[in-house]
Amino acid sequence: VLELLRGMQRGSEDRKRSLSRLRWALQNKETQQKFVRLDGSIRTLIGLFTSSLADMQMEATRCLHELSHSSDPAVAEACLPVTSYLLTYLSGHSVEFTELCLYTLGNLVVESEAVRKQLLPQGIIPVLASCIQSPHEAVLEGLGYVLSQLLQAKEAPTEIIPLVLDSVLPQHMLRLVCSGLKAGIGAAVEFAWCLHYIVCSHTADAAVLSLGALPALTSLLLDLASEIPQDAPEGLELLVCPVLRCLSNLLAEETGCEVQIQDDRLLIALFLILQCFLQQHPFVAQECLWLLNNLTADEPFFCSALLSLDLLPALLQLLPCSPMASVLVLTVLCNIAEKGPAYCQQLHRQPALPLLLPTLALPDPGVVGQCLELLHLLFLHWPEAAADFVKQGGHQALEQLQSTPELRERARALLDMVGQPLGASAFSPCHAALPAFS
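Residues numbered from 1 in each chain as written. Predicted model: local features only at pLDDT ≥ 70, side-chain atom pairs only at ≥ 80, totals over all residues. Heavy atoms only, no water.

- In the nomenclature of an unreviewed UniProt entry, the chain is known as TMCO6 protein of Pelecanoides urinatrix.

Listed below in structure tokens is the structure:
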């Protein structure tokens, strides 16, 4: 490592050769640590990085990029003197050079709070805002990467998000997300996560809503769902996931915003996405169910639409997919049943009860508990469901649950309801709007 540093400090041919060798050597963790400990190493690298020779500058940038991959905060902090130059060179002479500077910045801010604290006063947010209208997809994707790393920092809600909201970044991020595949899926994915992190701060959701995020993201989901039956582009699930999360979190806030998106096409889009990704990318199905829960939690419109569009059989088919999927499906059914007798009558007409009996025998208490809540609502609002439940052997299933301590009380209450369908209940509702995974 010392020999390579000496080579960098000699004539131009030696420098270029040594830089090229150093770049490969810095892929090793120990080499990274040894290099930053050498006296004058970072200073020499910065000198070459700020060189007027484009090829020398590019090679030095690649070395800095390799250093930025280190998970050792000491390495990131050794690179502190280069951050101001990285910001300056974001208006660089080539797309590849600008892209490398962006990813180097993004990697450094992940590992070091000291780097983030230095970059904010240096004006990183205004500089990034000036880059967001770049016509180059690679630059936009790198920019999205830097922003997403900054927005995940522990100090983001108080120190970074206010600066971002005061800039032109949010409206341009939303525009680039909603351009979806046209602007490049990589950039759209990064900016979708950025919007998600902003909404998750719970202090900025009103600002995002004021940009028209709900109708815009809803329209995007409709467009993405329409792409699926033809030929879903590779990586589409990576964009769908943060868009679903962003919508879910916006709906979870008590803003009354659900009235802005009373469009039953959104339900069809969700089920198309569910069917497309269920086998290969089950995490997308889970995100769809979170959004479906938050759509149906308070607003009767989507409960009615789900029934009138005959989507209930498709929803019930998801019950055995996984414990988390089961809980979410049952929670959506609870949201529907809570709306009263007419809704419970329609649930009773569908083949729901035969599917609930095997669910009661599952080993997961969370799933069984949510199933008991659904049965409680059905029996309360539509006593005929209780009679059918008994005919199908439900009484015995409830008796068996009395051996499970955390379920005993609720099973006993349901047994009482089966005998007296309109009796008092020992249940408390557990089907409010849920925040998506943050």
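Having seen it, we continue.
### Here's the deal with the packing of aromatic side chains
Reasoning step 1: The final tally for this structure, using the stated rule, is seven aromatic pairs.
Reasoning step 2: Ring centres of W193 and Y197 lie 6.0 Å apart, and the angle between their planes is 25°; on these two criteria the pair is classed as stacked. Within this pair, W193 and its partner Y197 are both found in helix α14 (residues 185-200), separated by four residues, close to a single helical turn. Each member of the pair W193 and Y197 is classed as buried.
Reasoning step 3: Taken together, a centroid distance of 5.3 Å and an interplanar angle of 55° make the contact between F379 and F389 tilted. Residue F379 is located in helix α25 (residues 365-381), and its partner F389 is located in helix α26 (residues 383-391); the two are separated by ten residues in the primary sequence. Both residues of the pair, F379 and F389, count as buried. (Phe/Tyr/Trp six-rings, centres within 6.5 Å; stacked < 30°, edge-to-face > 60°. Helix = DSSP H or I, 4+ residues; strand = E, 2+ residues; numbered from the N terminus. Buried < 20%, exposed > 50% of the residue type's maximum accessible area, 1.4 Å probe, protein only.)

### Description of the nonpolar core
Reasoning step 1: Of all hydrophobic cores here, the largest spans 160 residues; its most connected members are F35, M173, F191, L315, L360 and F379.
Reasoning step 2: With eleven residues, α14 is the largest single contributor of residues to this core.
Reasoning step 3: Two domains each donate at least three residues to this core, and these are domain 1 (1-122) and domain 2 (148-250).
Reasoning step 4: The residues contacting F35, other than those within four sequence positions of it, are V1, L5, M8, L22, L26, S41, I42, L45 and L67. (Core = buried A, V, L, I, M, F, W, Y, C linked by side-chain atoms within 4.5 Å. Domains from an automatic or database assignment. Contact = heavy atoms within 4.5 Å.)

### Here we look at the pattern of salt bridges
Reasoning step 1: Taken as a whole and judged by the stated rule, the model has eleven salt bridges.
Reasoning step 2: In this structure, the salt-bridge partner of E59 is R62, at a minimum N-O distance of 3.2 Å. Taken together, the residues E59 and R62, both in helix α5 (residues 54-68) and three residues apart, mark about one turn of the helix.
Reasoning step 3: Note on E59: relative accessible area 10%, which makes it buried. (Salt bridge = Lys/Arg side-chain N within 4 Å of Asp/Glu carboxyl O.)

### Some points on the packing of α5 against helix α8 (residues 95-111)
Reasoning step 1: At a minimum axis distance of 9 Å, the contact between α5 and α8 shows a crossing angle of 25°. Of the possible angle classes, the one that applies to α5 and α8 is roughly parallel. The chirality of how α5 crosses α8 is left-handed. Of α8, the residues touching α5 (which contributes Q57, M58, T61, R62, L64, H65 and S68) are E96, F97, L100, C101, Y103, T104, N107 and L108.
Reasoning step 2: Its residues assigned to classes, the contact of α5 with α8 shows seven nonpolar, six polar and two charged. (Axes fitted to C-alpha atoms, helices over the stretch in contact; angles between N-to-C directions. Parallel < 35°, antiparallel > 145°, perpendicular 65-115°, else oblique. Left-handed = near helix turned anticlockwise from the far one by under 90°. Nonpolar A, V, L, I, M, F, W, Y, C, P; charged D, E, K, R; others polar.)

### Side note on helix α19 (residues 282-296)
Reasoning step 1: Given a rise of 1.5 Å per residue, 15 residues ought to cover 21 Å, and the 21 Å separating the end C-alpha atoms of α19 matches this to within 8%.
Reasoning step 2: Taking burial as the measure, the 15 residues of α19 include twelve buried ones, the bulk of the element.
Reasoning step 3: Looking only at α19, the buried set comprises V284, A285, E287, C288, L289, W290, L291, L292, N293, N294, L295 and T296. (Expected span 1.5 Å × (residues − 1).)

### What about the domain arrangement of the chain?
Reasoning step 1: Partitioning the chain into structural domains gives domain 1 (1-122) and domain 2 (148-250).
Reasoning step 2: For domain 1 versus domain 2, the separation of C-alpha centres amounts to 31 Å.
Reasoning step 3: Contacts between the two partners involve seven residues from domain 1, matched on the other side by eight residues from domain 2.
Reasoning step 4: Inspection of the domain 1/domain 2 interface yields three salt bridges.
Reasoning step 5: Residues R116 and E155 are paired through a salt bridge, measuring 2.6 Å at the closest nitrogen-oxygen approach.
Reasoning step 6: Here domain 1 and domain 2 share two residue pairs in polar contact (both at pLDDT 80 or more) between them.
Reasoning step 7: Where the side of domain 1 that touches domain 2 is concerned, the elements lending two or more residues are α8 and α9 (113-119).
Reasoning step 8: Looking at the side of domain 1 that touches domain 2, its residues break down into three nonpolar, one polar and three charged. (Polar contact = N/O pair within 3.5 Å; in protein donor to acceptor, adjacent residues only side chain to side chain.)

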